[in-house]
Amino acid sequence: MSRRLFSTAALFNTPDEIMHAAEKVSEAGYENWDVNTPYPLHGMDHAMHLKPTNLPYVTLIMGLVGLGFAVFLQWWTNGSALQLGAHDLMLPRWVERYPFVIGGKPLFSLPAFVPVMFELTVLSAALSTIAAMLGIFCGLPHNSHPLHDTDYMKAVSCDQYGLYIESSDPNFDEAKVETLFKDLGATEVTSIYRPFEQKPGFISHVLFFGFLIATAVGVSGKAYFVYNNLLYARLVVPGYGVIKLDHIIPYNWMVNQPRLDAQEESTFFKNGRSMQNPVANTVARGYMPYKYAGNPDAANKDTHNPVPMTEENLALGKKMYEITCSMCHGDFAKGEGRLKGNLVPPSLHSSKAKKWTDARMYHVIVEGQNVMPSYAKQLDEKERWAIIHYVRALQRAMDAKESDLK
Amino acid sequence: MSSKIQLKDYSKSATHKSAKLIGGVLMAVGAMCVVPVMAESASRFWHGYLIMYMFLLSIGLGALFFIALDYLVGAKWSVPIRRVTEILAGLIPVAAVLAIPILLGGMDHLYSHWVHAADYAHHEVKADEHKTPKDAVKDAHAKTEHKKEEHKEDSHGDASEHHAPDKIIMGKVPYLNKGAFVFRYFAFFAIWIAGWMYFRKNSLAQDNDPDQKYTKANTTLSAPFIFIFGLTLSMAAIDWIMSLEPHWFSTMFGLYYFSGCLVTASCCIAIYTIRLKEGGFLHPDMKSDTYYSIGLMMFAFNVFWAYISFSQFVLIWYANLPEETFWYIARADKGWMIFSIFLMIFHFVIPFFALLSRTIKTRPSRLMFMAKWLLLAQIFDLYWAIMPAARLDVNFSFLDLGFIALAAGIVITVFDRGAAKTQLVPLNDPRLQMGLDFRSH
């Protein structure tokens, strides 16, 4: 038989027997051995005389690392005591700092940081504990194990308790181990052999896997940076100028798209333009063209205000006036706006403004006047008329009549 | 089988005699230290007395909670030490007696903000009606400052003069008045003592009659009891501590006191389990796994305390509303800041790292040290929560330690008397053997 012996294994029927067996095997001085049970047995660590694991130290250290990282991260991103940004330290833009004052708290305010510190401590400790447990302490990943696919494994993952001593143990002697197991009351003693003698090929070698992964990461990473550089690449030809290369590289992050930009040339329409006028005698949905466009005098002859003067509309007008108009014209329309500077808008209490019809004022809102731009985009039709009602109310308020005193 | 075990008789042991002596001496020393405090400032005395009372109550309530919880979840590990917990819960009736002096004489000093508010219910209020709650808070602060000056003039700190309460306090009068307060005192203690006696009666009856029905009866009671317990404990914490500064409110305050209860109770359980086990009064088969479990409880509930008290702080700190922040400002001003920082380190940072290690949790001497540490930290936490409410000129006086000595003396005496009367292992409990076989790893 050319197969090499891996271990000698014994099966027991009860937890007490396996506990007792573990104690005896441990006392006999064996080192490379283990116990397999269908569920965790409390007290087994003690019976096997296992030393406490070092895993908690990994948890502690990585927890502290997470804590430190959380403090550093928040101190760095929340701006600085040093008044230094990424630029000052010659660091790339993606590590920029953001010194925003939030809720009136200091930039470095520990109480606000504590939840993040707590979370990152737990996260780092938990993840690294699991990673260290699987990767270092359990020796995973493991392609195969001689115990797999044996009757022994079927028994211990079902209803029996097993113990095996590896042949690599310095005290291992097949005959002795078998007698020991028999004396301990094992129901069955088996020899477990390695499944095949073939040495693992280079494909399953860790270094080869590492090489593959490193190559994949390296190639894709390099490609990413190369493409990114190409995307913004410019070819400088002396005496000619700069040639953009973005249309010749194969993969350009959607910088070049089939849609048409404004003012662009088009081969689709006859006139070769990407921008087209609306079809004659049509109006776009929801856009009624302004009837006095470019004709203020005509507007001044129209005395009609389509929005009725109700309390609700007046409130709407007040609201929209204060949002849209008051920063220049002022809360009382005297031209006392909050934008202090060169801009001094005229008072709306002038006799000229008072004499204007509502439609004339509407004209100014829609088309703008002098420095004032059009506000047609900010205000819909109803709001414009409502604002005019409110302005009339303001004018009236500043110009009390004698009869009002009564 | 297990009933054949011969236990040492506590009532005839040297431990009993020495505990009697130590308890008596501590109480005498404490009382001697406390009397001069009364002479110095009545307000200081009553706040110190309240700290001691709340501390003793917290041990009793925490122990009662552990009894109910262990029945509810069917805990096995704690069965060999259940009598320790039961005896510690005997502090609740003692606390009920200790509360009577507060009800009779201390309320004017402790709860002067609201205790006479009900007398103003019909007049005075109208005049304040135009005020917004914000103004009322400002007034309240002004009054507090004023009260402090009063203390300077009157060194006995007699809060004999009562200010007209502001609108906020008037709004709380339906809950915060003397009658309701006393009623709740009677109701809460009746509930707790009744629950404790029921659990204890069934548990002791099982010693003579090995029937499972007693365990079942206790398990049945524990489910509704734990619910009522949570409710009453929260309200008691609001009544006795939060109402010291009735303008302040925190919805987690009950939980904050509850977390402290669990810390103190698990520490006392640790101390007495170790003491009785080392003296040979507990089951000889009990292993260090039980210490480990108690150590876990101490660790877990200490972290819980830190979590709750920090959450309470950070929510108020973040929102930054003057109605809430003044409670913490009072604990950051006038020399209290050093107390607050010390509390964090003393109560959380050092015990956290110390209790992380398994060795500390399984070695009796070290666990005992940490338990005493945390008990001191917890009484300091109560000091930090209660004493600033007195708005005294001196934050700390060494005579305040008299209350700690008094509290320690009371705990030792109560436990000693309880232990002398009780069989210290529930030998007929159906889960005892499982508890002894329990291995934490």
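Residues numbered from 1 in each chain as written. Chains lettered and ligands numbered in written order. Predicted model: local features only at pLDDT ≥ 70, side-chain atom pairs only at ≥ 80, totals over all residues.

Caption draft 1: Quick look at the overall build of chain A. Helix and strand content of chain A: 12 helices and six strands. Residues classed as buried in chain A amount to 15% of the 406 residues present. (Helix = DSSP H or I, 4+ residues; strand = E, 2+ residues; numbered from the N terminus. Buried ≥ 20, exposed ≤ 12 C-beta atoms within 10 Å, placed from the backbone.)

Caption draft 2: Quick peek at the interface of chain B and chain A. Listed by partner, the interface residues are nine residues for chain B and nine residues for chain A. When residues in the side of chain B that touches chain A are grouped by element, the largest group, five residues, is from helix H10 (residues 288-319) of chain B. Of the residues in the side of chain B that touches chain A, the class split is six nonpolar, one polar and two charged. (Contact = placed C-beta atoms within 7 Å. Nonpolar A, V, L, I, M, F, W, Y, C, P; charged D, E, K, R; others polar.)

Caption draft 3: Examining the confidence of the model for chain B more closely. Residues and elements named next belong to chain B. On average, residues of chain B carry a pLDDT of 83, and 88% of them reach 70 or more. For the stretch residues 124-131, pLDDT sits under 50, and the model shows seven contacts to residues farther than four places along the chain or on other chains. Within the model, pLDDT remains below 50 along residues 146-161, and this stretch shows 14 contacts once partners closer than five positions in the same chain are excluded. Predicted complex, confidence summary: ipTM 0.75, pTM 0.69. (pLDDT = per-residue confidence, 0-100.)

Caption draft 4: Main features of the nonpolar core. Core analysis: the largest hydrophobic core is formed by 115 residues, its most contacted members being Leu56(B), Leu88(B), Met298(B), Ala407(B) and Val411(B). For this core, the leading source of residues is helix H2 (residues 42-73) of chain B, giving 21 residues. Setting aside its immediate chain neighbours within four residues, Ala407(B) contacts Met52(B), Phe55(B), Leu56(B) and Ile379(B). In this structure, Ala9(A), Ala21(A), Tyr161(A) and Ile192(A) belong to the second largest nonpolar core, which totals 23 residues. (Core = buried A, V, L, I, M, F, W, Y, C linked by C-beta atoms within 7 Å.)

Caption draft 5: Unusual backbone geometry, seen in detail. Residue and element names in this part refer to chain A. Although it is not a glycine, Asn281 adopts a positive phi angle of roughly 65 degrees. Although it is not a glycine, Ala333 sits at a positive phi angle of roughly 60 degrees. Relative to the helices and strands, Ala333 is located in the loop between helix H9 (311-329) and helix H10 (351-355).

Caption draft 6: Here's a closer look at the packing of helix H4 (residues 110-137) of chain A against H10(B). Interaxial distance between H4(A) and H10(B) falls to 10 Å at its minimum, and their mutual angle equals 130 degrees. Judged by the angle between their axes, H4(A) and H10(B) are oblique. The crossing of H4(A) and H10(B) is left-handed. Residues Pro111(A), Ala112(A) and Val114(A) of H4(A) lie in contact with H10(B), whose contacting residues are Phe310(B), Phe313(B), Val314(B), Trp317(B) and Tyr318(B). Looking at side-chain class alone, the contact of H4(A) with H10(B) contains eight nonpolar, no polar and no charged residues. (Axes fitted to C-alpha atoms, helices over the stretch in contact; angles between N-to-C directions. Parallel < 35°, antiparallel > 145°, perpendicular 65-115°, else oblique. Left-handed = near helix turned anticlockwise from the far one by under 90°.)

Caption draft 7: Main features of the environment of Gly68(A). Within the fold, Gly68(A) resides in helix H3 (residues 55-77). Note: C-alpha distance between Gly68(A) and Thr121(A) (53 residues apart in sequence) is 8.4 Å.

Caption draft 8: Structural detail: the pairing of strand S6 (residues 241-244) of chain A. Residue and element names in this part refer to chain A. When strand S5 (residues 234-237) meets S6, the two strands line up antiparallel, connected through four bridges. Of the residues in S6, the one forming a bridge with Arg234 is Lys244. With antiparallel pairing between neighbouring strands as the criterion, S5 and S6 make up a hairpin whose turn holds three residues, including Gly239 at a positive phi of roughly 85 degrees. (Pairing = 2+ DSSP bridges.)

Caption draft 9: Here's a closer look at the packing of helix H4 (residues 91-110) of chain B against helix H7 (residues 178-208) of chain B. Residues and elements named next belong to chain B. The N-to-C vectors of H4 and H7 enclose an angle of 170 degrees; their axes lie 10 Å apart at closest approach. In terms of orientation, H4 lies roughly antiparallel with respect to H7. On H7, the residues touching Ile92, Pro93, Ala96, Ala99, Leu103 and Met107 of H4 are Lys178, Val182, Tyr185, Phe189, Trp192, Ile193 and Trp196. Within the contact of H4 with H7, the residues separate by chemical class into 12 nonpolar, no polar and one charged.

Caption draft 10: View of the sheet that holds strand S3 (residues 161-166) of chain A. Residue and element names in this part refer to chain A. Spatially, the four strands line up as an open sheet ordered S2-S3-S1-S4, and their pairing is antiparallel. Bordering the open sheet on either side are strand S2 (33-36) and strand S4 (188-193), each of which pairs with just one other strand. Going from strand to strand, the sheet's axes swing by 20 degrees on average, the running direction of each strand aside. Of the strands in this sheet, strand S1 (5-12), S2 and S3 touch helix H1 (residues 15-27), which is tilted by about 20 degrees from S3. Across the sheet, helix H6 (residues 174-184) lies against S1, S3 and S4, angled at about 10 degrees from S1, the strand it touches most.

Caption draft 11: A look at helix H12 (residues 381-398) of chain A. All names here are of chain A. Between the first and last C-alpha of H12 there are 26 Å, a value that for 18 residues agrees with the 26 Å anticipated at 1.5 Å per step. When H12 is considered as a whole, its buried residues turn out to be Glu383, Arg384, Trp385, Ala386, Ile387, Ile388, His389, Tyr390, Val391 and Leu394. On its buried face, H12 sits against H9 and helix H11 (358-367). (Expected span 1.5 Å × (residues − 1).)

Caption draft 12: Representation of the pairing of S1(A). All names here are of chain A. The buried count for S1 comes to six of eight residues, which makes it a mostly enclosed element. The sheet contact formed by S1 and S4 spans six bridges and is antiparallel. If you follow Thr8 over to S4, its bridge partner there is Ser191.

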